[in-house]
Number of protein chains: 4
Amino acid sequence: MSEFRVRTDLAVEAKESFEEDNVEIRGVRIDEDYDTKNEINITRVVIETKNGAKAMGKPMGTYITLEAPNMAVPDEGYHREISRVLSKYIKELLGDFSKEHSVLIVGLGNREVTPDSLGPLVVNNLLITRHVVKEYGKYAMGKELVNSVSGIVPGVMAQTGMESAEIVKGVIKETNPDLLIVVDALAARSTKRLNRTIQITDTGINPGSGVGNHRNAINSEVMGIPVISIGVPTVVDAAVIVNDAMENMLHAMEDAESLKSIGNVLNTFNVAEKQELFRELLSPQLNTMFVTPKDIDETMKRLSFTISEALNMVFQTV
Amino acid sequence: MSEFRVRTDLAVEAKESFEEDNVEIRGVRIDEDYDTKNEINITRVVIETKNGAKAMGKPMGTYITLEAPNMAVPDEGYHREISRVLSKYIKELLGDFSKEHSVLIVGLGNREVTPDSLGPLVVNNLLITRHVVKEYGKYAMGKELVNSVSGIVPGVMAQTGMESAEIVKGVIKETNPDLLIVVDALAARSTKRLNRTIQITDTGINPGSGVGNHRNAINSEVMGIPVISIGVPTVVDAAVIVNDAMENMLHAMEDAESLKSIGNVLNTFNVAEKQELFRELLSPQLNTMFVTPKDIDETMKRLSFTISEALNMVFQTV
Amino acid sequence: MSEFRVRTDLAVEAKESFEEDNVEIRGVRIDEDYDTKNEINITRVVIETKNGAKAMGKPMGTYITLEAPNMAVPDEGYHREISRVLSKYIKELLGDFSKEHSVLIVGLGNREVTPDSLGPLVVNNLLITRHVVKEYGKYAMGKELVNSVSGIVPGVMAQTGMESAEIVKGVIKETNPDLLIVVDALAARSTKRLNRTIQITDTGINPGSGVGNHRNAINSEVMGIPVISIGVPTVVDAAVIVNDAMENMLHAMEDAESLKSIGNVLNTFNVAEKQELFRELLSPQLNTMFVTPKDIDETMKRLSFTISEALNMVFQTV
Amino acid sequence: MSEFRVRTDLAVEAKESFEEDNVEIRGVRIDEDYDTKNEINITRVVIETKNGAKAMGKPMGTYITLEAPNMAVPDEGYHREISRVLSKYIKELLGDFSKEHSVLIVGLGNREVTPDSLGPLVVNNLLITRHVVKEYGKYAMGKELVNSVSGIVPGVMAQTGMESAEIVKGVIKETNPDLLIVVDALAARSTKRLNRTIQITDTGINPGSGVGNHRNAINSEVMGIPVISIGVPTVVDAAVIVNDAMENMLHAMEDAESLKSIGNVLNTFNVAEKQELFRELLSPQLNTMFVTPKDIDETMKRLSFTISEALNMVFQTV
């Protein structure tokens, strides 16, 4: 039922929706791995062709997803482990790490809306060094390789009147970093992944379908330097959970003995008829609403710290 | 279908769910009024008997609801008008205003979760006078009637380990106010009321069904002084919108020509069977999730200011 | 004693230090005015020549200072009056207002340090319109002249690793505003001006002596468009108040009958000897310290609101 | 020159001012220790008699001070070490730790004023358990000894109209903890101790001279349970640094060859005359001002985390 496929920022979910339909996607390579010690499931989705990108609704590139059911648990030692694993995969995507980096880290999102504050919180906890390296020279840092780290929280369009992409592009032009890292809160397709999944990708942030070169994208094509983006799904669009419930209802009708008669009726409908049925049930307000857990404040504190620690590990200890 | 009646903090919604069923409720009196100039709909629900309270799932008392579709619009002058109207109805509930008040205003909720930050934000903007009156005497204020205003933000249980009711009760014992006002973000039954409705009641805050004397209630019975509570619905429980969609689906099935056959099948089910059907469709995570608009930060700023201005009007200008 | 002249961001204070010495400054024109109704003292300092700039330690241009002793008082009506007066003088500096403006408003400073949070707080309360004008066109706004307002809070160097000037320059290049307004907390020379003075100038923000074209300046020369800056002194450098006390001490020694003998001794010292004496008394830590009032949080809330209202008046109601 | 002795919240500074005068204080016992590994200086001041208390201007009890010059350095590993050392001394003051504690931790101060936000920030990072223990029982925690931890941020009088002591007393009465821990930002006597010193004491928080039983004190006498307070000096009163500079000036005058003549004159003054001289030099505004470092936001983040970690170590791992 790909017609009802709802927007997700997670490649791993885009992939799943095909699996449900038992469709194989050409041009998309998938590896799965399990870190037994830390109970982290690692999925690597590589979209290798334009056709693969079109099918997945996501640009070509590598998407690494870490899923750790205990990520929401307040265990400091465990979070340090996740930071370590995360830093390893960030380095993998960065490739050659024998040279110095001048990196700009961007915290996207709205610091005033709790589930959207991930990016701003991560930048708050980073070790920023660019101004020190510039003033005292890298030899003052007492290390062989010294990365220059700068950070910015551009704010959201309702606060600034500008696209984040415009601000980031301007800052890149003036300060010339050679690498961009973007941290953002994501929308998941399913509540079960909220706040326990981290996605790292080399495709950046791509509004809309994500395919084609959009001027508001924050990717290497638009920005002119490599872009790594790190995201955690913290919300589900309200329309999604309603859609889910309705699909579940239809399945229930098909399965349950007592409801079989309904299922039989529904099976006589074609896809267009079903879609029409669903559309009527969605109140228009839902499109501007999101669903998020009640303890989102605790989760944001913990996750943002885990990610900023991972980034500090990547860029401070060479 | 009162079996599916979901929790709402708004008396006006509890009332509506009966109207849908064409049921009259004894012991409940309802008045409606319209402020043409400010386009505010005012509903006064008075629960007069224990039976009425049981039927409504809310304690006996008066519930005044102001509904203003433009409440979310950023028009400073209009918000001053709403503050004025609101202050009038707060005074109505307070009754005799010829004597001085020593009032404690409590901002319930979690300041770190945007849609739950209404209470803390309101207390932030209050004119607090108790310490001034205590130190310099009321004659120093140059007015005949001088109210003493104190305020507190107790925090939520995950932050304090304590019930708000415990904290408020302790503070009342030590500081002896003669009036308690509680401001809180509410859960609505429907997204259409979010952020455009203010409810004022003399029944306080009552966890659970709200009937019977719960030790964590913040009402006049537990606190020993009159309690006025002011609330704005800022979230809808995630389970509610799914429930709504499903009810809509059933209605659609009953109505639509093409679906009549399903409707006929469903009509053969009894209430218990329908309930069972619905329950299966609700994912367990949804119970700890809420739905809220994406621009909730702007709304919270504006609404909290409107309410604190109304309270300042009530207690500063006698 | 111009040798001890300490840094001030206020032209009106630079001027005063000359008056103390009874020195007339060529190339500097000064007007004073008094708004009796609102009890606001208005001083206009115009630095007309390079010599004037050198003498004042400030770039050529116009500096308008509003001093209102009651600015710290929590009277909402009075603050609206100040906003109105302020908006009048901002318009005066802007000159021709018959055409539309596309303005970028920058909130300099550190939102995490209370007395430095003025700029960020002002931008928080602005009516931002650029994205709306861009999406719906100016005719949708229902006005003849529609200004496009964007805003940004660049953060401070310790947070970003970048100069604010770099960030602002980049954003200007990408978004092409035709006017820049910069809001910043200032350092005063005297505690008596703290939080009751607003300075508006067309010279922008100029680090160091402010004379000569510094690459980190945010002025029209560097940015390529007119720059208006609005500032309120919220801190005094710690070294300044110590310096003041010492100067007072010397004056006391010269004046007081009982101390005349000391005064006589000091009068035999030359300036260099006095300077040496003072330097020893300043502990080195003081250079990284500032002095600010204990109720700075209340003051920042009120002042930032007054300034953002003034800017909203300037750009929204044409 | 004890006449000029200015208020300090640190016992170690009160002690020093006597040492300067070569005075021995009866009833005050002092131990010093040095933690070579972590470069922490530990001073234990025990005020044993009423006379000692009167001389020191502090109540009888034990004051342990940790001074670590590197406390301001952003080294996570080092901060964990300080947390460990701090937790050891907190336990020392607590005495018998074989039984379970039900502890209320109070974060005093104003979260809106950066150098006063230490207490609120510490409570933000605590592991709060009281509600969990109450709901699921201590056996659910899987430990033999389970402490119940609750926390509150009462706010400051300008925000609440109430004394913190009133709020804390009320909360204690309702929730019955058997131990109170109070965290607060302190005022130091000297800028050199700012943000690198932690004081732990069993005497609580005592406004004014601290001697005698003040109703706004938060100590065991008023609260009825043991009180441990933990403080870090984050500000110096503005009047203090001026006073210091003036004393330095007099010393300079007495010492420097060229100034000897002035010194000689001053030596003919008695204490009262000197005091008069100083008083004139203090501008009245200074009494409501404080001095604090410019990077106070970073320091507060780091120090509050160090203290909350120490408290988590004390109460979570038995």
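Since the structure is predicted, the reported quantities are computational estimates derived from the model, not experimental observations.

1. What to know about the overall build of chain A
And then number 1: When its secondary structure is counted, chain A shows twelve helices and nine strands.
And then number 2: Residue burial in chain A is summarised as follows: out of 318 residues, 59% are buried.
And then number 3: For chain A, restricting intrachain contacts to residue pairs at least 6 apart in sequence, the fraction spanning at least 24 positions comes to 73%.
And then number 4: When the accessible area of chain A is evaluated, it comes to approximately 13,000 Å², of which 49% is carbon and sulfur surface.

2. A few points about the interface of chain A and chain D
Interface size is commonly expressed as the accessible area that is lost once the parts come together.
And then number 1: Across the contact, six residues belong to chain A and six residues belong to chain D.
And then number 2: Viewed at the interface, chain D and chain A are joined by zero salt bridges.
And then number 3: Seen at the junction of chain A and chain D, the total is two residue pairs in polar contact (both at pLDDT 80 or more).
And then number 4: Those elements that provide at least two residues to the side of chain A that touches chain D are α3 (76-94) and α12 (296-316) of chain A.
And then number 5: For the side of chain A that touches chain D, the per-class residue count stands at no nonpolar, two polar and four charged.

3. Side note on the relation of the copies chain A and chain D
And then number 1: Between the two copies, chain A and chain D, the superposition gives an RMSD of 0.0 Å; the rotation angle is 180° and the shift along the axis is 0.0 Å. Classification of the inter-copy transformation places it as that of a two-fold axis.
And then number 2: When the interface residues of chain A are mapped onto chain D, 100% of them again fall at the interface, so both copies present the same face.

4. Focus: the pairing of strand β3 (residues 61-67) of chain A
All names here are of chain A.
And then number 1: Most of β3 sits out of view: seven of its seven residues are buried.
And then number 2: Burial along β3 is two-sided: G61, Y63, T65 and E67 and T62, I64 and L66, pointing in opposite directions, are all buried.
And then number 3: Direction of pairing for strand β2 (residues 40-47) relative to β3: antiparallel, over a ladder of seven bridges. Its bridge partner lying in β3, V46 is registered against T62.

5. Observations concerning the packing of aromatic side chains
And then number 1: With the rule as written, the count across this model stands at two aromatic pairs over all chains.
And then number 2: Ring plane angle 35° and centroid distance 5.9 Å describe the contact between F305 of chain B and F305 of chain C, whose orientation is recorded as tilted. One end of the pair, F305 of chain B, is in helix α12 (residues 296-316); the other, F305 of chain C, is in helix α12 (residues 296-316), on a second chain.
And then number 3: Of the residues examined, F305 of chain C reaches a relative accessible area of 28% and is grouped as partly exposed.

6. Some points on the pattern of salt bridges
A side chain with one charge can pair with a side chain of the opposite charge if their charged atoms come near.
And then number 1: Under the definition given, this model contains 52 salt bridges over all chains.
And then number 2: Across the salt bridge formed by E166 of chain D and R130 of chain B, the nearest N and O atoms sit 3.1 Å from each other. Linking E166 of chain D in helix α7 (residues 164-175) with R130 of chain B in helix α5 (residues 130-136), this pair reaches from one chain into another. Considered together, E166 of chain D and R130 of chain B belong to a single accessibility category, that of buried residues.
And then number 3: In this structure, K134 of chain B engages E166 of chain D in a salt bridge whose closest nitrogen and oxygen atoms are separated by 4.0 Å.

7. Re helix α7 (residues 164-175) of chain B
Residue and element names in this part refer to chain B.
And then number 1: The end-to-end C-alpha distance of α7, which contains twelve residues, comes to 16 Å, matching closely the 16 Å that a straight helix rising 1.5 Å per residue would cover.
And then number 2: Among the twelve residues of α7, ten are classified as buried, and the element is accordingly described as predominantly covered.
And then number 3: Among the residues of α7, those classed as buried are S164, A165, E166, I167, V168, G170, V171, I172, E174 and T175.
And then number 4: Where α7 terminates, the next one or two residues include N176, which has phi positive at roughly 50°.

8. Details of the pairing of strand β7 (residues 197-201) of chain C
Looking along a regular strand, one sees side chains alternate from face to face of the sheet.
Residues and elements named next belong to chain C.
And then number 1: With five of five residues buried, β7 is to be regarded as a mostly interior element.
And then number 2: In this sheet, β7 lies alongside strand β3 (residues 61-67) in antiparallel orientation, the contact comprising five bridges. Residue Y63 lies in a different strand from β7, and its bridge partner there is T201.
And then number 3: As defined by bridge partners, β7 adjoins strand β8 (residues 227-237) across three bridges and the pair is classed as antiparallel. Following the sheet pairing, T201 is matched in β8 by S229.

9. So, the domain arrangement of chain A
Residues and elements named next belong to chain A.
And then number 1: Parsing chain A into structural domains produces domain 1 (11-239 + 289-315) and domain 2 (240-287).
And then number 2: Listed per partner, the contact involves eight residues of domain 1 and nine residues of domain 2.
And then number 3: Counting each side, the surface lost to burial between domain 1 and domain 2 is near 770 Å², with a carbon and sulfur contribution of 56%.
And then number 4: Counting residues per element, the ones that place at least two in the side of domain 1 that touches domain 2 are β8 (227-237), α9 (238-255) and β9 (289-293).
And then number 5: Its residues assigned to classes, the side of domain 1 that touches domain 2 comprises five nonpolar, one polar and two charged.

10. Looking at the packing of α3 of chain A against α12 of chain A
Residue and element names in this part refer to chain A.
And then number 1: The N-to-C vectors of α3 and α12 enclose an angle of 50°; their axes lie 8 Å apart at closest approach. The angle between α3 and α12 places the two elements in the oblique class. For the crossing formed where α3 meets α12, the hand is right-handed. Facing α3, whose interface residues are H79, R80, I82, S83, R84, L86, S87, I90, K91 and L94, α12 presents R302, T306, I307, E309, A310, L311, M313, V314 and F315.
And then number 2: Residue classes in the contact of α3 with α12 are distributed as ten nonpolar, four polar and five charged.

11. Things to note about unusual backbone geometry
Residue and element names in this part refer to chain D.
And then number 1: Of note in this structure, E39 is not a glycine but carries a positive phi near 55°.
And then number 2: By secondary structure assignment, the location of E39 is in the loop between β1 (28-35) and β2 (40-47).
And then number 3: Judged by relative accessible area, which is 42%, E39 ranks as partly exposed.

12. Examining helix α3 (residues 76-94) of chain B
Residues and elements named next belong to chain B.
And then number 1: For α3, with 19 residues, the first-to-last C-alpha span of 27 Å sits near the 27 Å given by 1.5 Å per residue.
And then number 2: Of all the positions in α3, only Y78, H79, E81, I82, S83, V85, L86, S87, Y89, I90, L93 and L94 are classed as buried.
And then number 3: In the stretch just after α3, G95 is the one whose phi turns positive, near 75°.

13. A short note on the confidence of the model for chain A
All names here are of chain A.
And then number 1: The pLDDT averaged across chain A works out to 85; a share of 81% of its residues lies at or above 70.
And then number 2: For residues 1-6, every residue scores under 50 in pLDDT, and the model assigns this stretch 18 contacts once sequence neighbours within four places are set aside.
And then number 3: Scoring of the predicted complex yields 0.91 for pTM and 0.89 for ipTM.

14. A closer look at the side chain of T160 of chain A
And then number 1: Along the chain, T160 of chain A falls in helix α6 (residues 157-160).
And then number 2: Classification of T160 of chain A as buried rests on a relative accessible area of 3%.
And then number 3: Among all residues touching T160 of chain A, those that are not within four sequence positions of it are P154, G155 and I167 of chain A together with I128, S150 and G151 of chain C.

15. Looking at the environment of N312 of chain D
Residues and elements named next belong to chain D.
And then number 1: Position of N312 among the secondary structure elements: in helix α12 (residues 296-316).
And then number 2: Residue classification places N312 among the buried positions, given a relative accessible area of 9%.
And then number 3: For the pair N312 and V149, spaced 163 residues apart in sequence, the C-alpha to C-alpha distance is 9.4 Å.
And then number 4: A polar side-chain atom of N312 sits 3.4 Å from the main-chain carbonyl oxygen of N125.
And then number 5: Among the polar contacts listed, one links the side chain of N312 to the backbone nitrogen of L127, at a separation of 2.9 Å.

16. As for the side chain of T129 of chain A
Residue and element names in this part refer to chain A.
And then number 1: Counting through the fold element by element, T129 comes out in the loop between α4 (118-124) and α5 (130-136).
And then number 2: The exposure class of T129 is buried, given its relative accessible area of 6%.
And then number 3: For T129, the side chain forms a polar contact with the main-chain nitrogen of V149, separated by 2.9 Å.

Conventions and cut-offs
- Residue numbers run consecutively from 1 along every chain, following the written order of its sequence.
- Chain letters and ligand numbers both follow the written order, the letters beginning at A and the numbers at 1.
- Only residues with pLDDT of at least 70 get local features here, since the model is predicted, and only at 80 or more are side-chain atom pairs given and counted; chain-wide, interface and lining totals rely on the full set of residues.
- Water and hydrogen atoms were dropped before computing side-chain values, which therefore reflect all heavy atoms in the structure.
- Where helices and strands are cited, they refer to DSSP runs of H or I of at least four residues and of E of at least two residues respectively, numbered from the N terminus.
- Each residue gets one of three labels from its accessible area relative to the maximum for its type: buried under 20%, exposed over 50%, partly exposed in between, using a 1.4 Å probe on protein chains only.
- Here a residue-residue contact requires only that any non-hydrogen atoms of the pair lie within 4.5 Å.
- Working definition of accessibility: Shrake-Rupley area with a 1.4 Å probe, residue cover restricted to the visible protein chains.
- Within this document, salt bridges are pairs made up of a side-chain nitrogen of Lys or Arg and a carboxyl oxygen of Asp or Glu, the two lying within 4 Å of each other.
- Here a polar contact is recorded for every N or O atom pair within 3.5 Å, except that within protein the pair must consist of a potential hydrogen donor and a potential acceptor, and residues adjacent in sequence are included only if both atoms are side-chain atoms.
- Ten residues, namely Ala, Val, Leu, Ile, Met, Phe, Trp, Tyr, Cys and Pro, are considered nonpolar, four, namely Asp, Glu, Lys and Arg, are considered charged, and the remaining ones, Gly among them, are considered polar.
- Copy-to-copy alignment: least squares on C-alpha atoms, limited to residues at pLDDT 70 or above in both.
- Note: two strands are recorded as paired if DSSP finds a minimum of 2 bridges between them.
- Working definition: rings of Phe, Tyr and Trp (its six-membered ring) pair if their centres are within 6.5 Å, and the pair is stacked with planes under 30 degrees apart, edge-to-face with planes over 60 apart, and tilted otherwise.
- By this rule, a helix spans an expected 1.5 Å times one less than how many residues it contains.
- Domain start and stop points were drawn from an automatic or database domain assignment.
- Using a 1.4 Å probe, buried area is obtained as the accessible area two parts lose upon being combined, added over both of them.
- To define axes, lines are fitted to C-alpha atoms, for helices over the stretch in contact only, and angles between the resulting N-to-C directions are given on a 0 to 180 degree scale.
- Any angle from 65 to 115 degrees is called roughly perpendicular, while one under 35 is roughly parallel, one over 145 is roughly antiparallel, and all others are oblique.
- Each crossing gets its handedness from the near helix: less than a right angle anticlockwise from the far helix is left-handed, clockwise is right-handed.
- What pLDDT reports is the predictor's confidence in each residue, on a scale of 0 through 100.

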